[in-house]
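Here is how the chains run, residue by residue.
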Amino acid sequence: MSRFDTYFLMKTTDVPEYVKEKGYVPKDAALTVKEIGDGNLNYVFRVVDAAAGKSVIVKQAGEALRISAEMHVSTDRNRIESEILQIEWKYAPGLVPKIFGYDTVMCACVMEDLSDHQLMRYALMRHETFPRFAEDISTFMVNTLLKTTDVAMEHKAKKDQVKRFINPELCEITEDLVLTEPYNDCNHRNLVFPKNAEFVRKELYADEALHLEIAKIKFDFMNNAQALIHGDLHTGSIFVKPDSTRVFDPEFAFYGPMGYDIGNVVANLIFAWDNGWAAGESAFCDWALTTIQEMLDLFKQKFLACFDECVTDRMAKTPGFKEWYLSSIMADTAAYAGTELIRRTVGMAQVKDVTTIEDPEKRAYAERLNILCAKDYILHRQAFQQGSDFVEAVKRAAKAAKAAD
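Small disclaimer: the values here were computed from a predicted structure and weren't measured. (Residues numbered from 1 in each chain as written. Predicted model: local features only at pLDDT ≥ 70, side-chain atom pairs only at ≥ 80, totals over all residues. Heavy atoms only, no water.)

Within a sheet, neighbouring strands are paired by backbone hydrogen bonds and run either parallel or antiparallel to one another. Strand order in the open sheet formed by five strands is β1-β2-β3-β7-β6, and the pairing between neighbours is antiparallel. Of all strands in the sheet, those bounded by a partner on one side alone are β1 (31–35) and β6 (99–103). Strand-to-strand twist across the sheet, computed as the mean angle between neighbouring axes with direction ignored, equals 20°. Two strands pair when backbone bridges link them, and β1 and strand β2 (residues 42–49) are joined in this way by five bridges, in the antiparallel orientation. Opposite Thr-32, over in β2, you have Val-48 as the bridge partner. (Pairing = 2+ DSSP bridges. Helix = DSSP H or I, 4+ residues; strand = E, 2+ residues; numbered from the N terminus. Axes fitted to C-alpha atoms, helices over the stretch in contact; angles between N-to-C directions.)

Turning next to the layout of surface pockets. Estimated volume of the second largest pocket: approximately 190 Å³. Along its surface, the second largest pocket is lined by Val-162, Ile-166, Asn-167, Pro-168, Cys-171, Glu-175, Met-222, Asn-223, Asn-224, Ala-225, Phe-254 and Tyr-255. Those elements giving two or more residues to the lining of the second largest pocket turn out to be α6 (168–177), α8 (208–223) and β12 (254–256). Looking at which element gives the most residues to the lining of the second largest pocket, the answer is α6, with three residues. The residue inventory of the lining of the second largest pocket, partitioned by class, reads eight nonpolar, three polar and one charged. (1 Å grid on protein atoms, 1.4 Å probe; cavity = no way out; pocket = protein on both sides within 12 Å on 5 of 7 lines; lining within 4 Å. Points joined across faces, edges and corners; volume = space filled by probe spheres on them. Nonpolar A, V, L, I, M, F, W, Y, C, P; charged D, E, K, R; others polar.)

Right, let's get into the side chain of His-117. Within the secondary structure layout, His-117 lies in the loop between β7 (108–112) and β8 (118–119). The residues touching His-117, leaving out its near neighbours within four places in the chain, are Phe-239, Val-240, Lys-241, Ser-244 and Arg-246. (Contact = heavy atoms within 4.5 Å.)

Residues Ser-244 and Arg-246 line one face of strand β11 (residues 244–247) and the alternating positions Thr-245 and Val-247 line the opposite face, and both faces are buried. The pairing of strand β10 (residues 238–241) with β11 spans four bridges and is antiparallel. From the neighbouring strand, Phe-239 faces β11, where its bridge partner is Arg-246. Between β10 and β11, which pair antiparallel one after the other, the connecting turn spans two residues. (Buried < 20%, exposed > 50% of the residue type's maximum accessible area, 1.4 Å probe, protein only.)

What follows deals with the packing of aromatic side chains. The full count for this structure, using the stated rule, is 19 aromatic pairs. Where Tyr-377 meets Phe-384, the ring centres are 5.0 Å apart and the plane angle is 85°; that geometry is what we call edge-to-face. Residue class for Tyr-377 comes out buried when judged on its relative accessible area of 0%. Classification of Phe-384 by relative accessible area gives buried; the value is 3%. Counting every residue linked through ring pairs, the aromatic cluster contains Phe-299, Phe-303, Phe-307, Phe-321, Trp-324 and Tyr-325. (Phe/Tyr/Trp six-rings, centres within 6.5 Å; stacked < 30°, edge-to-face > 60°.)

Attention now goes to the nonpolar core. Membership of the largest hydrophobic core comes to 97 residues, with the highest contact counts inside it found for Met-141, Phe-303 and Tyr-377. Considering every element that reaches this core, the biggest residue donor is helix α10 (residues 282–310), with 14 residues. Other than its neighbours up to four places away in sequence, Phe-303 contacts Val-142, Leu-146, Met-258, Lys-322, Tyr-325, Leu-326 and Ile-329. (Core = buried A, V, L, I, M, F, W, Y, C linked by side-chain atoms within 4.5 Å.)

The next point concerns the pattern of salt bridges. All chains considered together, the criterion is met by 30 salt bridges. Between Asp-249 and Lys-59 there is a salt bridge, and its shortest N-O distance comes to 2.3 Å. Taken as a pair, Asp-249 in the loop between β11 and β12 and Lys-59 in strand β3 (residues 54–61) lie far apart in primary sequence, 190 residues in all. This pair shows no difference in class: Asp-249 is buried, exactly as Lys-59 is. With a closest N to O distance of 3.0 Å, Arg-343 and Glu-340 form a salt bridge. Taken together, the residues span about one helical turn, with Arg-343 and Glu-340 both in helix α11 (residues 321–346) at a distance of three residues. (Salt bridge = Lys/Arg side-chain N within 4 Å of Asp/Glu carboxyl O.)

Moving on, we come to the sheet that holds β10. Sheet architecture is open: three strands sit in the order β8-β10-β11, paired in antiparallel fashion. A strand with exactly one partner marks an edge of an open sheet, and here the two such strands are β8 and β11. Bridging between β8 and β10 involves two bridges; their strand directions are antiparallel. When the bridges of β10 are listed, Leu-119 appears paired with Phe-239. Contacts between helix α4 (residues 133–146) and the sheet are confined to β10 and β11, with β11 contributing the most and set at about 35° to the helix.

The subject of this paragraph is unusual backbone geometry. Backbone geometry at Asp-185 places phi at a positive 50°, although glycine is not the residue there. The phi dihedral of Asp-249 is positive, around 65°, even though this residue is not glycine.

Here we come to helix α13 (residues 360–379). Compared with the 28 Å implied by 1.5 Å per residue over 20 residues, the 28 Å span of α13 between its first and last C-alpha is a close match. Within α13, 16 of the 20 residues are buried, which leaves it mostly tucked inside the rest of the structure. One side-chain oxygen at the N-terminal end of α13 lies 2.8 Å from the backbone nitrogen of Glu-361; it belongs to Asp-359. (Expected span 1.5 Å × (residues − 1). Polar contact = N/O pair within 3.5 Å; in protein donor to acceptor, adjacent residues only side chain to side chain.)

With that settled, consider the environment of Lys-375. Structurally, the position occupied by Lys-375 is in helix α13. Expressed as a C-alpha distance, the spacing of Lys-375 and Phe-193, which sit 182 residues apart in the sequence, is 18 Å. In this structure, Lys-375 is in contact with Glu-203, Asp-207, Leu-210 and His-380, ignoring residues within four places of it in sequence.

With that settled, consider the pairing of β7. Among the five residues of β7, four are classified as buried, and the element is accordingly described as predominantly covered. As paired elements, β3 and β7 share five bridges and run antiparallel to each other. The residue of β7 that forms the bridge with Ile-57 is Met-111. As judged from the four bridges shared by β6 and β7, these two strands associate in the antiparallel manner.

Attention now moves to the state of the cysteines. Tallying each qualifying case throughout the model produces zero disulfides. As a non-bridged cysteine, Cys-186 has Cys-171 as the owner of its nearest cysteine sulfur, 18 Å distant. The thiol sulfur of Cys-285 is not disulfide-bonded, and the nearest other cysteine sulfur, from Cys-373, lies at 14 Å. (Disulfide = S-S within 2.5 Å.)

Note that all results are geometric; they support no functional claim without further evidence.
Dropping the structure here:
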């Protein structure tokens with residue numbers, strides 16, 4: 001009987017035996033293992049067979065969050081992630097890592113090693129630019145989102161997928177940490193930069209009009225099983241190099257509103273802008289805003305073309321429907337870009353792009369910009385239909401944040 005027949009949380013010393021027993025490397029291989037996990041949920045091991053010039057990644061789900069031992073989530077999330085990545089590879093080959101296998105007992109996934117890529121968040125914090133990104137990420141989003149909707153799928157097959165990928169525990173994290181707590185600190189887990197404490201109280205905690213819109217957005221998130229979304233699509237879930245983009249870490253995936261994924265990418269490019277602005281990197285900041293605009297405009301172009309190619313539902317072929325459908329997605333994109341901007345600024349899971357800004361005045365300004373831009377997106381979401389609309393909101397917020405000082 002193997003000790004891997006019963007779940008336990010592996011350490012680096014356990015992983016060589018594990019990958020050999022499961023047949024991913026030869027029994028006599030001399031392996032080195034390093035734990036490289038940087039997220040809040042999982043343990044990620046890089047396994048290298050130097051003699052063979054090969055390596056793989058082993059990703060295991062823990063039973064508690066790394067940021068809080070009190071928060072427990074189902075280890076089934078890694079099963080969901082491995083199956084999602086295989087579906088995404090089908091629709092967007094070459095834009096996600098390849099999966100070699102999933103272990104239902106150890107809740108571990110073995111996948112392609114992308115160590116020749118960089119984690120996008122850290123690359124952007126070094127103010128590197130990636131000219132292919134808008135092209136690649138727009139293709140990924142159109143193909144993985146539109147092709148998993150009722151527009152393209154046989155309806156019963158789609159409903160089976162909704163059932164298969166229901167993800168209640170991780171959805172609850174989003175419902176709490178993204179769509180509730182940033183607006184009231186009801187569980188006292190928000191992390192508010194002291195210089196902005198009064199600003200946050202006024203702009204977030206005391207704004208009833210904002211709360212009403214967030215309530216609408218929250219219940220849409222909970223009930224709109226539109227497409228198979230990644231659920232946590234930010235620059236910490238993307239590997240890049242100049243000629244390649246790879247999306248990973250879809251453990252929050254479930255059937256939800258497309259705009260959630262798209263809006264998350266928009267918001268995280270704004271965080272990159274924050275960091276570049278604080279460092280005085282004006283050319284990088286221009287690239288970040290241009291990329292937001294290009295990404296959204298490319299998404300729209302590709303969406304309309306893909307819609308015509310893959311639409312199967314008779315009523316969805318009605319003239320004017322695809323334009324209406326896309327318009328609603330763009331409004332959702334604005335809404336969820338706003339919720340991501342706010343929760344990463346005041347919630348418990350913040351981003352290093354902003355928290356590492358050393359000058360307290362610059363950090364306070366960047367956070368005010370994020371919140372004001374977010375409120376514009378949320379309160380006026382129907383008005384955001386072009387890439388330029390999203391960029392102009394950043395510029396408006398940049399001016400308003402100075403006046404709020």
